[in-house]
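Analysis of the macromolecular model
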Amino acid sequence: MKNEAYKHRVIDETVEHYLAAFGAVCIEGPKWCGKTWTSRYHCNSEYLVGNPDNNFQNRQLAEMSPSLILPGDVPRMIDEWQEVPPVWDAVRYEVDQRGAKGQFILTGSSTPKIKGILHSGAGRIGRLRMHTMSLYETGQSSGQISLKELCDGNLTPVLTGEVDLNNLIDCIVRGGWPGNQDIPLKDAALLSVEYINAVVEDEVHRVDGIQRDKHKVMLLLRSLARNETTTASNKLLKNDVKGIDDGELISIQFRLTWTFLTDSF
């Protein structure tokens, strides 16, 4: 389902590699990072579990009998599969029955509902982690300098030209969300604020269904931001929040919230 407007991602080559090696590929990552668009680019048919048409008919059908949503041209994308966890086992079983590679692409959030899944999918379903767009993917960087090469100790000097600080600030404000790249910066800045608000207000409790103190979650986010480029320990973050709020953080609550937040951004 090729789309000329699609902005190619670094993960594209890996997706093709995994489709050749596994019967199904599951692409996970933060909301709005481009999972559906990338999966759609690599598939030949799709099933959108979250489609609200006809009183969420697609979800109801998947809940009634997951096997009914699997037929279609392959690779077949099943978007938001985690809304109906038994879909995972249905895909795993179907992969075994067909005995072929590249049958399905599953897309899901960073924190899928594990309850209801009977099999890990090992050997049948390959899992990929997708992130928001890098500066290379948005076209803001030439990609001449590779972080991987730097980490491997290959330091090759390259003349990259003048670096405009204002442009770098604009890139940070805009973020790496694909849908945020072609709109005015003033409008794009609103996304980051509302994205964080949505995580605090709605998403954090999805980890285990427990409502948490939103004020403390926001303080934890601020602490993470302050310590972004450091090797801050969990204890340091906890004390940072406690120092501002002058209150206690329950350890297990802190660990669950911290794990979710660092996985979501």
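Fair warning: this is a prediction, and the values are worked out from it, not measured in the lab.

Residues in a regular strand project their side chains so that they alternate between the two faces of the sheet. Going residue by residue along strand E2 (residues 45-48), you find Ser45 and Tyr47 tucked away on one face and Glu46 and Leu48 left uncovered on the opposite face. By the bridge criterion, 4 bridges tie E2 to strand E3 (residues 76-79) in an arrangement that is parallel. Bridging across to E3, leucine 48 finds its partner in aspartate 79. Following the chain from E2 across helix H3 (residues 53-64) to the adjacent parallel E3, one finds a crossover that is right-handed.

Here we come to the packing of aromatic side chains. Each pair of aromatic rings is reported with the distance of its centres and the angle of its planes. By the definition in use, this model includes 4 aromatic pairs. Measuring from centroid to centroid gives 4.9 Å for tryptophan 177 and tyrosine 195, while their planes differ by 40°, and the two rings are tilted. Within this pair, whereas tryptophan 177 is found in the loop between helix H7 (165-174) and helix H8 (185-203), its partner tyrosine 195 is found in helix H8, the two being separated by 18 residues in sequence. As far as burial versus exposure is concerned, tryptophan 177 and tyrosine 195 are alike and both buried.

For the largest pocket, the calculated volume is near 970 Å³. Taken together, 31 residues form the lining of the largest pocket, with Ser134, Leu135, Tyr136, Ser141 and Gly143 sitting closest to its centre. A class-by-class count of the residues in the lining of the largest pocket yields 12 nonpolar, 13 polar and 6 charged.

With that settled, consider the side chain of arginine 76. Positionally, arginine 76 belongs in strand E3. Here arginine 76 sits buried without a salt bridge, and the closest side chain of opposite charge, aspartate 73, lies 7.8 Å off (N-O distance). Polar side-chain contacts of arginine 76 include one of 3.1 Å to the side chain of serine 45. At 3.0 Å, the side chain of arginine 76 and the backbone oxygen of proline 71 are in polar contact. Those residues within four positions of arginine 76 in sequence are excluded, and the remaining contacts are Ser45, Glu46, Tyr47, Ile69, Leu70, Pro71, Gln103, Phe104 and Ile105.

Here we come to the pattern of salt bridges. The tally for this structure, following the rule as stated, stands at 11 salt bridges. Arginine 9 is the partner of glutamate 137 in a salt bridge, and the nearest nitrogen-oxygen pair spans 3.2 Å. Of this pair, glutamate 137 sits in helix H5 (residues 135-138) while arginine 9 sits in the segment before helix H1 (12-21), and the two are 128 residues apart along the sequence. Arginine 9 carries the same exposure label as glutamate 137, and that label is buried. The closest approach of N and O atoms between lysine 214 and glutamate 201, which form a salt bridge, is 2.8 Å.

The rules behind these values
Residues numbered from 1 in each chain as written. Predicted model: local features only at pLDDT ≥ 70, side-chain atom pairs only at ≥ 80, totals over all residues. Heavy atoms only, no water. Buried < 20%, exposed > 50% of the residue type's maximum accessible area, 1.4 Å probe, protein only. Helix = DSSP H or I, 4+ residues; strand = E, 2+ residues; numbered from the N terminus. Pairing = 2+ DSSP bridges. Right-handed = clockwise from strand over helix to strand, strands pointing away. Phe/Tyr/Trp six-rings, centres within 6.5 Å; stacked < 30°, edge-to-face > 60°. 1 Å grid on protein atoms, 1.4 Å probe; cavity = no way out; pocket = protein on both sides within 12 Å on 5 of 7 lines; lining within 4 Å. Points joined across faces, edges and corners; volume = space filled by probe spheres on them. Nonpolar A, V, L, I, M, F, W, Y, C, P; charged D, E, K, R; others polar. Lys, Arg positive; Asp, Glu negative; His and termini not counted. Salt bridge = Lys/Arg side-chain N within 4 Å of Asp/Glu carboxyl O. Polar contact = N/O pair within 3.5 Å; in protein donor to acceptor, adjacent residues only side chain to side chain. Contact = heavy atoms within 4.5 Å.

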